[in-house]
Amino acid sequence: MPYHVLGRLVGNTGDPTNLSMVLNSSFAGRRGEFVRVRHREQEGAAQTDVLARIVSISRSNVLYNSGLGQAVTELELLPGAHVTGEQILGKLEAIGYRDPEGGGIKMPRRALDPGSPVEPVDFQFLSAFYEFQEHSSLHIGNLVGYERGASAVPVYVDVNRLVTEHLAVLAMTGSGKSYTVGRIIERLVAINNGTVVVFDPHGEYGRALSGGQMRFNDRPDELDDQRDRAALPAIRDAFTRLREAGAGITVYSPQNPSFRQKYAGANQELALQFDHFEMDDLSEILPGLTEPQQRVLDVAIRYWIAHERATPRDINRLRHYLGDGIDDVRQWDELSQAEATALNGRSAAVASMKLSRVLQEAQSFYHSGLPAATDVYEMVGRPTDRRGRLVVVDLQGLSDTAKQVITALISSEILRAASSKTDRIRPCFLVYEEAHNFAPAGEPAVSHRIIKKIAGEGRKFGVGFAVVSQRPSKLDPDVTSQCNTLIAMRLKNPDDQRFIAKTSDMVSAADLDQLPGLSTGEALICGRSIPAPLLVRVGTKALVHGGESPEVLNVWGRFGG
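Cut-offs and rules
- Residues numbered from 1 in each chain as written.
- Predicted model: local features only at pLDDT ≥ 70, side-chain atom pairs only at ≥ 80, totals over all residues.
- Heavy atoms only, no water.
- Helix = DSSP H or I, 4+ residues; strand = E, 2+ residues; numbered from the N terminus.
- Buried < 20%, exposed > 50% of the residue type's maximum accessible area, 1.4 Å probe, protein only.
- Contact = heavy atoms within 4.5 Å.
- Areas by Shrake-Rupley, 256 points an atom, 1.4 Å probe, with all protein chains shown as cover.
- Lys, Arg positive; Asp, Glu negative; His and termini not counted.
- Charge placed at Lys NZ, Arg CZ, Asp CG, Glu CD.
- Salt bridge = Lys/Arg side-chain N within 4 Å of Asp/Glu carboxyl O.
- Expected span 1.5 Å × (residues − 1).
- Phe/Tyr/Trp six-rings, centres within 6.5 Å; stacked < 30°, edge-to-face > 60°.
- 1 Å grid on protein atoms, 1.4 Å probe; cavity = no way out; pocket = protein on both sides within 12 Å on 5 of 7 lines; lining within 4 Å.
- Points joined across faces, edges and corners; volume = space filled by probe spheres on them.
- Nonpolar A, V, L, I, M, F, W, Y, C, P; charged D, E, K, R; others polar.
- Pairing = 2+ DSSP bridges.
- Axes fitted to C-alpha atoms, helices over the stretch in contact; angles between N-to-C directions.

Where do I start with the overall build of the protein chain in this structure?
Helix and strand counts for the protein chain stand at 19 helices and 19 strands. Judged by the C-alpha coordinates and their principal axes, the protein chain covers about 105 × 70 × 50 Å. For the protein chain, the proportion of its 561 residues judged to be buried stands at 51%. Considering only intrachain contacts with a sequence separation of at least 6, the fraction spanning at least 24 residues in the protein chain is 73%. Total accessible area on the protein chain stands at roughly 26,600 Å², and carbon and sulfur atoms take up 48% of it. Here the protein chain contributes 62 positively and 68 negatively charged side chains, and the mean placements of these two sets differ by 1 Å.

What exactly am I supposed to notice about the pattern of salt bridges here?
Side chains that carry opposite charge are capable of pairing whenever their charged atoms lie near each other. This structure, assessed with the given rule, holds 31 salt bridges. Here Arg59 and Glu86 are joined by a salt bridge, their closest N and O atoms 2.8 Å apart. In this pair, Arg59 is assigned in strand 4 (residues 48-61) and Glu86 in strand 5 (residues 86-98), connecting sequence segments 27 residues apart. Taking the relative accessible area as the measure of exposure, Arg59 reaches 55% and is therefore exposed. Glu86 sits in the partly exposed class, given a relative accessible area of 35%.

Before we go on, may I ask you to explain helix 13 (residues 400-418) in this structure?
Structural remark: α-helix, 3.6 residues per turn; residues separated by three or four positions point the same way. Taking 1.5 Å of rise per residue, the 19 residues of helix 13 would be expected to cover 27 Å, and the 27 Å separating its terminal C-alpha atoms lies within 8% of that figure. In terms of burial, helix 13 is largely enclosed, as 16 of its 19 residues are buried.

What am I meant to see in the packing of aromatic side chains here?
What characterises a pair of aromatic rings is the spacing of the ring centres plus the angle enclosed by the ring planes. Under the criterion given, the structure shown has 6 aromatic pairs. Their ring planes at 20° and their centres at 6.2 Å tell us that Phe125 and Phe129 sit as a pair that is stacked. Here Phe125 pairs with Phe129, and both are found in helix 1 (residues 123-129), just 4 residues apart, close to one helical turn. Overall, the relative accessible area of 17% leaves Phe125 in the buried class. The buried category is assigned to Phe129, whose relative accessible area is 4%. Relative to Phe465, the ring of Tyr432 has its centre 6.3 Å away and its plane inclined at 65°; by these criteria the two rings are edge-to-face. Taken as a pair, Tyr432 in strand 15 (residues 428-432) and Phe465 in strand 16 (residues 463-469) lie far apart in primary sequence, 33 residues in all. Judged by relative accessible area, Tyr432 falls into the buried class, the value being 1%.

What should I look at first to understand empty space enclosed by the protein in this one?
Empty pockets left among the atoms are what a rolling probe the size of a water molecule brings to light. Tallied over the full model, the rule gives 3 cavities of 30 Å³ or more. A volume near 90 Å³ is recorded for the largest cavity. Along the walls of the largest cavity sit Leu272, Gln273, His276, Phe277, Thr374, Asp375, Val376, Met379, Leu409, Ile410 and Glu413, which together make up its complete lining. Across the lining of the largest cavity, the residue classes break down as 6 nonpolar, 3 polar and 2 charged.

Explain the sheet that holds strand 14 (residues 389-394) to me, please; I cannot follow it from the model alone.
Hydrogen bonds along the backbone pair up the strands of a sheet, which may run parallel or antiparallel. With respect to topology, 12 strands assemble into an open sheet ordered 9-8-19-18-17-10-16-15-11-14-12-13, the strand pairing being mixed. Looking at which strands have only one partner, the edges of the open sheet turn out to be strand 9 (154-158) and strand 13 (268-269). As paired strands, strand 12 (residues 248-253) and strand 14 are joined by 5 bridges and run parallel to one another. What sits directly across from Val251, in strand 14, is Val392. The sheet strands contacting helix 4 (residues 226-244) are strand 8 (137-143), strand 9, strand 12 and strand 14, and the helix crosses strand 12 at an angle near 60°.

What is the right way to read unusual backbone geometry from this model?
Most peptide bonds take the trans configuration, and most residues that are not glycine carry a negative phi. Between Thr311 and the following residue, Pro312, the backbone shows a cis peptide bond with an omega angle of 0°. Relative to the helices and strands, Pro312 is located in the loop between helix 7 (291-307) and helix 8 (315-321). Notably, Asn193 is not glycine yet its phi reads approximately 60°, a positive angle. Among the structural elements, Asn193 can be located in the loop between helix 3 (177-190) and strand 11 (195-200). Take Asn193: its relative accessible area is 26%, and that puts it in the partly exposed class. Even without glycine at this site, Ala264 takes up a positive phi of about 55°.

Whenever I open this one, the pairing of strand 9 confuses me. Can you help?
Within a regular strand, side chains alternate between the sheet's two faces. The buried count for strand 9 comes to 4 of 5 residues, which makes it a mostly enclosed element. Note: strand 8 against strand 9, 5 bridges, orientation antiparallel. Considered in strand 9, the bridge of Leu138 is made with Val157.

Shown next, in the form of structure tokens:
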């Protein structure tokens, strides 16, 4: 591109994250734009370009100083005078330079030269700077300021690091966070042939299979982005072929007739096997049990497993042994003295009542009236199964406790199968929508323990996750601190901004300052899956999105009476 100077560096240039420049005019640069500064890192080395971003601009005029008061209105310059009194300063944050030897992006360790020209960059420079391996990366959108037409700069994230090193998507309601997650997961499945399991509290993702038919966005040929114009039909074709092969989009739901109606019978009803879960899991889903009650439940489960040899085991038989069949359990010759004492008290009735309440709320456990139990290997697939899957667990309309119970048990089953020494599942990516309800800070939640366990141990077994929330400050910081990729969209709550700054070292103060002013669909992406922090306009989804607010005026209509 032609040589053109926007301004020059001034002041202290020793801190690359806090540089200052004087702009030649008010049109020379805009907040958020990228610029470059020539730099030589070592004596005798070749010059390189340091890429930087304008994070703020201040503009003042000594002739129109607020201290002049009313006299400002009487100010008049002599004809032909060129005195403007303008002072236009920009704050820059360096992103780094491409190391000519290793190819990585490095921050300058030598101070930049004061007075160095600050030049603009074009899309060819940015595209070369943010080089990527297309076969192992995911196109999430385009760089803000370079998002349209032939000059669009695509932004890609590394799939391996995104999936295995965990993701946090944090934004206020209406900023586009669920849409962004939808674009990511549909590409992981259709393009990268991955397995994604979404815990969907509001039935948003399930809309892609509403009425039993896959629902896609119409008219991809009208999109501005030429990459999306080519990719969206390919994603649609991939989902169609996967669906025909018995994979693609699958919806699991509780045993409730309303879900069968929603999906025209195309959903699979959850039939979780209660005996697959350890006592640690059971103590989570039945909080508040006393020690005698825990003993009763433990004995009843052991008796149920010992005497109901055929699998899968009917949950109603366990309820029977805690109720009318309790005398059979009392006669069992494998009881300890403490267990026998507990069985002879009121503990059995209380444990049965608590268990029945959970079963009734969740409506997701196997009983003999169902054709088969839910099989996590069928849900996720084994490593030899080459079919991509988008699994949506629709939890719409359930109580918070029931949502947590189902999420906890499925997550536990997935981690257990992934860590098996003899029969593992294929790597998978779990998405926790409304994650502040599943892993809250300082509050009890049935699903909290297993999510923390996946955060700490999942990576080595090929289980990654995304936490999605509009209230970051309500999330457990131990969970978000394990997320090595952060997508932050519009956030105005100071508590949420402070939480991000405290739990993530990937976000600078300048980045935080930009979050309140982001438009819908714009995101700050940083972390190990991307070369440097970038502002991105998220691209278009192929599948329909169920998270939009309704157009209330269209729904209300007009009264014709």
